[in-house]
Amino acid sequence: MFGVLLLLGAAVLGGYMLLTQTVFRSARCRGNAAMGGKTVVITGGNTGIGKATALHLARKGARVVLACRNRTKADAAIADIQQETGSSDVVYMHLDLASFKSIRCFTETFLKAESRLDLLINNAGLVADGRTEDGFGIEFGVNHLGHFLLTRLLLERLKEAGGGRVITLSSMAHRWGHIDFEALAVDKHLGTGGYSWQFWQAYCNSKLCNNLFTHELAKRLRGTDVTCYSVHPGVVRTELSRYVGLWQKLIIEPIARLLFLEPEAGAQTTLHCALQEGIEHLSGSYFSFCAVQEVCARARDDAVARKLWEVSERLCGLS
Ligand SMILES: NC(=O)c1ccc[n+]([C@@H]2O[C@H](COP(=O)([O-])OP(=O)(O)OC[C@H]3O[C@@H](n4cnc5c(N)ncnc54)[C@H](OP(=O)(O)O)[C@@H]3O)[C@@H](O)[C@H]2O)c1
Ligand SMILES: *[C@@H]1O[C@H](CO)[C@@H](O)[C@H](O)[C@H]1NC(C)=O
């Protein structure tokens, strides 16, 4: 009996250790580029990974613009960041990525008010049901299309600064993503169905778009000194699953408490792509655990990446 218990205990401990060395692993950013005098835009910087990223960059002396949809939440985050870092150079600008009008309004305001942009961190994201103001599926619309338009409208300012970077939060979930252009043309969404588990499929599809977007953007940036990266932040305890069904929350929550990373740890790979010098030749690549990672062929398919770019341009009214 005692032997069996011991064996069981060893198996549980071994399983736990294996998980914390693989899926739930973390790594620390060692990049230390100077940020004084530099300006950063972080979408969804009011909570989770975005807030932890903003805090670190503010501590390093960057001017940080939190591009968020809710002023109350953004102001609370700014107060926290100011208190922890002493920085008074963190500001809110309204941005709702579920509205082209809001994105255009944000970029107009930003370009008028801010003379430079060094880092654009496309961090906001969600798993949810619904549609954007312009009728797109919310995950495709916010996680991919909104960031696509935002990046396009800010690209010139990034080029002016010299050495600018675009970092887009993807996820290891991109591996389960698919892109069905025919369905997209009909539904204005990549993903169907109102069940909570179907939101996850649409989420994976949108995260695959994040990788393909970065892959294509890097090509289009060749010859400039702006570079771009996509990131899997790790599996992190945030508000990301706030819109999923109750039973899913009941499953996720205990595992999250036991194994998920804290947002501070979840920000490390984004920070690596922001602060590590000498990674410019890796532009277009996908990073996790503060290192470049191989992606499956589907996430770096030249033809699909190009098509997604062209379709996205058309959908946002850029072509
Ligand atoms: N957590 C993980 O384990 C994990 C794993 C892989 C990838 N990621 C990626 O990491 C990124 C950050 O997620 P998180 O885990 O930190 O989630 P989170 O805590 O839910 O934060 C998401 C942020 O996105 C913002 N947002 C959502 N819809 C928006 C919109 N229409 N316009 C502007 N902002 C919007 C949210 O604003 P509100 O607070 O106002 O809603 C919030 O600030 C996401 O792209 C996610 O896909 C996370
Ligand atoms: C903004 O966030 C606050 C605090 O969480 C919430 O009470 C409020 O309803 C939100 N506003 C909008 C427009 O969603």
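- The name an unreviewed UniProt entry gives the chain is Putative dehydrogenase/reductase SDR family member 13-like, with Scophthalmus maximus as the organism.
- The record in UniProt for the chain states the following under Sequence similarities (unreviewed entry): "Belongs to the short-chain dehydrogenases/reductases (SDR) family."

**So, the overall build of the chain**
Turning to step 1, where the next piece is worked out: The number of helices and strands found in the chain is 11 helices and eight strands.
Turning to step 2, where the next piece is worked out: A globule of 319 residues ought to have a C-alpha radius of gyration of about 20 Å, and the chain, at 20 Å, matches this closely.
Turning to step 3, where the next piece is worked out: Along the first, second and third principal axes, the C-alpha set of the chain runs to 75 × 50 × 40 Å.
Turning to step 4, where the next piece is worked out: When burial is assessed residue by residue, the chain has 50% of its 319 residues classed as buried.
Turning to step 5, where the next piece is worked out: Within the chain, contacts between residues separated by at least 24 positions form 79% of all contacts whose residues are at least 6 apart in sequence.
Turning to step 6, where the next piece is worked out: Carbon and sulfur atoms form 56% of the exposed surface of the chain, whose accessible area is close to 14800 Å².
Turning to step 7, where the next piece is worked out: Mean positive and mean negative side-chain charge positions of the chain (35 and 30 charges, respectively) differ by 2 Å.

**Comments concerning unusual backbone geometry**
Turning to step 1, where the next piece is worked out: With a phi close to 55°, Lys188 is a non-glycine residue in the positive phi region.
Turning to step 2, where the next piece is worked out: On the basis of relative accessibility, which here comes to 32%, the residue Lys188 falls in the partly exposed class.
Turning to step 3, where the next piece is worked out: For Phe289, which is not a glycine, the phi torsion comes out positive at approximately 50°.
Turning to step 4, where the next piece is worked out: Along the chain, the position of Phe289 falls in the loop between strand 7 (286-288) and strand 8 (291-293).

**Quick look at the pairing of strand 3 (residues 90-94)**
Turning to step 1, where the next piece is worked out: Sheet analysis places strand 2 (residues 63-68) next to strand 3, joined by five bridges and oriented parallel. Its bridge partner being in strand 3, Val65 is matched across the sheet by Val91.
Turning to step 2, where the next piece is worked out: Of the crossover connections in this fold, the one passing from strand 2 over helix 3 (residues 71-85) to the parallel strand 3 is right-handed.

**Some details on the environment of Thr214**
Turning to step 1, where the next piece is worked out: Within the secondary structure, Thr214 is located in helix 7 (residues 196-220).
Turning to step 2, where the next piece is worked out: Judged by relative accessible area, which is 1%, Thr214 ranks as buried.
Turning to step 3, where the next piece is worked out: Thr214 sits 11 residues away from Asp225 along the chain, and the two C-alpha atoms are 15 Å apart.
Turning to step 4, where the next piece is worked out: Among the polar contacts made by the side chain of Thr214, one reaches the main-chain carbonyl oxygen of Asn210 at a distance of 2.9 Å.

**Focus on the site of ligand 1**
Turning to step 1, where the next piece is worked out: Taken together, 29 residues lie around ligand 1, and Asn46, Arg69, Tyr203, Val236 and Thr238 are the ones closest in.
Turning to step 2, where the next piece is worked out: Separating a nitrogen atom of ligand 1 from a side-chain N or O atom of Asp96 is a distance of 2.9 Å.
Turning to step 3, where the next piece is worked out: Backbone polar atom of Leu97 to a nitrogen atom of ligand 1: 2.9 Å apart, as the coordinates give it.
Turning to step 4, where the next piece is worked out: Within the complex, 97% of the 890 Å² of free accessible area of ligand 1 lies under protein.
Turning to step 5, where the next piece is worked out: Listing elements by their share of the shell around ligand 1, those giving two or more residues are helix 2 (48-59) and helix 7.
Turning to step 6, where the next piece is worked out: Tallied by class, residues from the shell around ligand 1 come to 12 nonpolar, 11 polar and six charged.

Here is what the cut-offs are and how they apply
Sequence order as written defines residue numbering, which begins from 1 separately in each chain. Going through the entries in the order they are written, you letter the chains from A and number the ligands from 1. With the structure being a predicted model, the display of local features is reserved for residues of pLDDT at least 70 and the display and counting of side-chain atom pairs for 80 or more, all residues being used for whole-chain, interface and lining totals. Working from all heavy atoms in the structure, the side-chain values ignore hydrogens and water. UniProt positions are given in the numbering used here, feature names are shortened, and annotations may be inferred rather than shown by experiment. Labels follow the DSSP assignment, with helices taken as runs of H or I lasting at least four residues and strands as runs of E lasting at least two, numbered in each case from the N terminus. Radius of gyration means the value over C-alpha atoms here, while the globule rule gives 2.2 Å times the residue count to the 0.38 power. For every residue, the accessible area (1.4 Å probe, protein chains only) is compared with the maximum for its type, and the residue is labelled buried under 20%, exposed over 50%, or partly exposed between those bounds. Any two residues whose heavy atoms approach within 4.5 Å at even a single point are treated as in contact. Areas reported as accessible are Shrake-Rupley estimates using a 1.4 Å probe. Residue values count occlusion only from the protein chains shown. Charge counting treats Lys and Arg as positive and Asp and Glu as negative, with His and both chain ends excluded. Every charge is mapped to an atom, namely NZ of Lys, CZ of Arg, CG of Asp or CD of Glu. Two strands pair if DSSP finds at least two bridges between them. Whether a crossover is right-handed depends on one test, that the path from the first strand over the helix to the second runs clockwise when the strands point away from the viewer. N or O atoms closer than or at 3.5 Å make up a polar contact, with two conditions inside protein: a donor-capable atom paired with an acceptor-capable one, and, for residues adjacent in sequence, both atoms drawn from side chains. Whether a residue is near a molecule or strand depends on its heavy atoms: it is near if one of them lies within 4 Å of it. Note on residue categories: nonpolar means Ala, Val, Leu, Ile, Met, Phe, Trp, Tyr, Cys or Pro, charged means Asp, Glu, Lys or Arg, and polar means any other residue, Gly included.

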